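So you can see what is in the structure, the chains are spelled out below.
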Amino acid sequence: MAERLAILGGQPIRTIPFLNRKTMGTNEIEAATRVINSEILSGFLAAPGSFFNGGKEVKAFEKSWAEKYGFKHAISVNSWTSGLMVAVGAVGIKPGDEVICSPYSMSASATAALFYGGIPVFADLDPETFCLDPKSIEEKITSKTKAIIVVHLFGGPADMDSIMKIAKPRGIKVIEDCAQAPGVFYKNKAIGAIGDIGGFSFNFHKHIHCGEGGLLVTNDDELAFRAQLIRNHGENCFDLSKLSDLGNVIGGNYRLTEIQAAIAFEQLKKLEDILERRQTLAKYLNERLSKINGISVKEVEEGSTHAYYMYPFRFHEDIFGISRNLFLRAVSAELPKPSNWETTPLAEGYVKPLYLNDIYQQKIAIGTKGFPFNVNKEVNYDYSKGICPVTEKLYYQEMLYSPLVREPLSIEDMKDFVDAIEKVINNIDQLKNSDLNNGTDEIHDAVKAVEDVGTTK
Ligand SMILES: *Cc1c(COP(=O)(O)O)cnc(C)c1O
């Protein structure tokens, strides 16, 4: 006998709320207090000398990250959006250069190029990894391509071997956006500096955080020096004799404060436990969900790891015979109502393909006359719907993801989550035959998920 689905008035699988994350402990409080008592809340000075690269806490945090993962240089910044801009500047992007970007990411993964007059050219994704598809990258390369910004989406590594094989011989720089993938390995190598330069985000929602913050990593001395210049008013640094050219040396203030660095230092100590917890939860989800016909999950390859910023999986509407949105609503009804974005059990779509945003549709980024899209007069950059069919299919039809794959949640919590999914699937005829199956769905993407629950705890 079928159980009644909660969305149709039946008993839900679970009503007890999922626990919120608790990220700050006594170590962070003591670290912040120590800095406050020292009176030195920032150790930076925009002048030549040892203060140019920050204070004690900033340097200690950078050193601990670099040593832990074997990077030659680590350069902290006040956000990873700043970090991406610094990286784009450091690799020497100039107006009219094309930068190949992922259309399925946080917007800064592409807008970073625009700040230097670079033109984002969107390549399509591998539907299994949700990261750039090397074949699509190759198709988008022109003589103007100067960089590729690779996003390791949701914490799973992109196919870096193939991407480097394409980029290296052509002298194209590779920037790795590892915002969602701290501490992740690709074929036993720490991601971040497999390409030329890359980095991490420490905003409030990321695995580890200090409110806002970011970190660049690279094994290239000149890129590191350029990044340091851009971070802190490089034009004020008088010893630029080492540089072959002074392009993009103009700096911002992208400096991390001492309090943030001290907190981030403590947070880094927790990263391995956080990753282990998420990997354990994801393994359980993979085991159960991979058995369901109509749901695709992806395991990481030998030697690689996944950080599970979110737990992504694909939904095949044609097999289930109901829309993804109706499925999502039915599963959500079996579970407690979210108190914040992180307790949303299930979300769909993730983010609208970036090229559909107005800055690309109207081709206006800096000023009002179409800059930088009009720099290459002979090229008409195409941002129309349809240019990245795999990405659009993920957004409009296939992508489901859960933010529940995180500490302090347990296997018991994951069990409730999968039980809710199975209950809906086992009773899918109730949905097919209900008034709810009326095709009036709206995509409930990341933006809507946040709007629904608000951003406060
Ligand atoms: C969070 C994030 C960013 C931006 O990082 P901030 O520190 O918030 O500026 C960039 N790219 C991706 C993929 C992200 O998830």
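Let me begin by describing the structure that accompanies this report. Along each chain, the written sequence defines residue order, and numbers are assigned to residues from 1. Only residues with pLDDT of at least 70 get local features here, since the model is predicted, and only at 80 or more are side-chain atom pairs given and counted; chain-wide, interface and lining totals rely on the full set of residues. Side-chain metrics rest on all non-hydrogen atoms present in the structure, leaving aside hydrogens and water.

## A look at the overall build of the protein chain
The secondary structure listing takes helices from DSSP runs of H or I that are at least 4 residues long and strands from runs of E that are at least 2 residues long, numbered from the N terminus. Along its length, the protein chain carries 16 helices and 13 strands. Relative to a compact globule of 457 residues, whose C-alpha radius of gyration would be 23 Å, the protein chain shows 23 Å and is just as compact. Counting only C-alpha atoms and orienting by the principal axes, one finds that the protein chain spans roughly 80 × 60 × 40 Å. Categorising residues by exposure relies on relative accessible area from a 1.4 Å probe, with only protein chains included: less than 20% of the type maximum marks a residue as buried, more than 50% marks it as exposed, and the intermediate range marks it as partly exposed. Put simply, the protein chain has 457 residues, and 58% of those count as buried. Contacts between residues were defined by any pair of non-hydrogen atoms, one from each residue, lying within 4.5 Å. Pairs at least 24 residues apart make up 72% of the contacts formed inside the protein chain by residues separated by at least 6 positions. Atoms counted for the radius of gyration: C-alpha only. Globule rule: 2.2 Å times the number of residues to the power 0.38.

## Things to note about the site of the ligand
A molecule or strand has a residue near it when one of that residue's heavy atoms lies within 4 Å. Neighbouring the ligand are 14 residues; Thr-81, Asp-177, Ser-201, Asn-203 and Lys-206 lie closest to it. The separation between a nitrogen atom of the ligand and a polar side-chain atom of Asp-177 is 2.7 Å. Here the open area of atoms and residues is found with the Shrake-Rupley method and a 1.4 Å probe, where only the protein chains shown may cover a residue. Within the complex, 94% of the 380 Å² of free accessible area of the ligand lies under protein. Think of it as three bins: nonpolar holds Ala, Val, Leu, Ile, Met, Phe, Trp, Tyr, Cys and Pro, charged holds Asp, Glu, Lys and Arg, and polar takes everything else, Gly as well. Residues belonging to the shell around the ligand are distributed by class as follows: 4 nonpolar, 8 polar and 2 charged. We call two N or O atoms a polar contact when they sit within 3.5 Å, provided that within protein one can donate a hydrogen and the other can accept it, with sequence-adjacent residues counted only if both atoms are side-chain atoms.

## Brief notes about the sheet that holds strand β1 (residues 73–77)
Either a parallel or an antiparallel arrangement is found when strands of a sheet pair, and the pairing is made through backbone hydrogen bonds. Only strands that DSSP links by at least two bridges are regarded as paired with each other. Reading across the sheet, the 7 strands line up as β1-β9-β8-β5-β4-β2-β3 and stay open at both edges, with mixed pairing between neighbours. Of all strands in the sheet, those with a lone pairing partner are β1 and β3 (119–122), marking the two edges. Put simply, the sheet's adjacent strands are angled 25° from each other on average, direction ignored. Sheet topology note: the strand β8 (residues 197–201)/strand β9 (residues 214–218) ladder contains 4 bridges and is antiparallel. Across the sheet, the residue bridging to Gly-199 is Leu-216, located in β9. Against the sheet, helix α2 (residues 56–69) contacts β1, β8 and β9, and its axis sits at roughly 135° relative to β1. Here helix α7 (residues 221–231) sits on the sheet in contact with β1, β8 and β9, set at roughly 15° to β1. To define axes, lines are fitted to C-alpha atoms, for helices over the stretch in contact only, and angles between the resulting N-to-C directions are given on a 0 to 180 degree scale.

## Remarks on the packing of aromatic side chains
When two rings of Phe, Tyr or Trp (its six-membered ring) have centres within 6.5 Å they constitute a pair, described as stacked for plane angles under 30 degrees, edge-to-face for angles over 60, and tilted for the intermediate range. Taken as a whole and assessed by the stated rule, the structure comprises 23 aromatic pairs. Ring geometry for Phe-130 against Phe-154: centres 5.9 Å apart, planes inclined by 80°, an arrangement best described as edge-to-face. Placement of Phe-130 in the loop between β3 and α5 (134–140) and of Phe-154 in the loop between β4 (145–151) and α6 (160–170) is noted, with a sequence separation of 24 residues between them. Aromatic pair Phe-315 and Phe-320: ring centres 4.8 Å apart, planes at 15°, arrangement stacked.

## Describing the side chain of Arg-278
Structurally, Arg-278 can be placed in helix α9 (residues 271–289). Among the residues examined, Arg-278 registers a relative accessible area of 3% and is labelled buried.

## Observations concerning the packing of α2 against helix α8 (residues 258–268)
Orientation of α2 relative to α8, taken along the N-to-C sense of each, is 30°, at an axis distance of 7 Å. Relative to α8, the element α2 is oriented roughly parallel. Where α2 crosses over α8, the handedness of that crossing is left-handed. Together, Lys-56, Glu-57, Val-58, Ala-60, Phe-61, Ser-64, Trp-65, Lys-68 and Tyr-69 of α2 and Glu-258, Ala-261, Ala-262, Ala-264, Phe-265 and Leu-268 of α8 make up the contact between the two elements. Among the residues forming the contact of α2 with α8, the class breakdown is 10 nonpolar, 1 polar and 4 charged. These descriptions rest on fixed angle ranges, namely under 35 degrees for roughly parallel, over 145 for roughly antiparallel, 65 to 115 for roughly perpendicular, and the rest for oblique. Left-handed describes a crossing in which the near helix is turned anticlockwise from the far one by less than a right angle; the clockwise case is right-handed.

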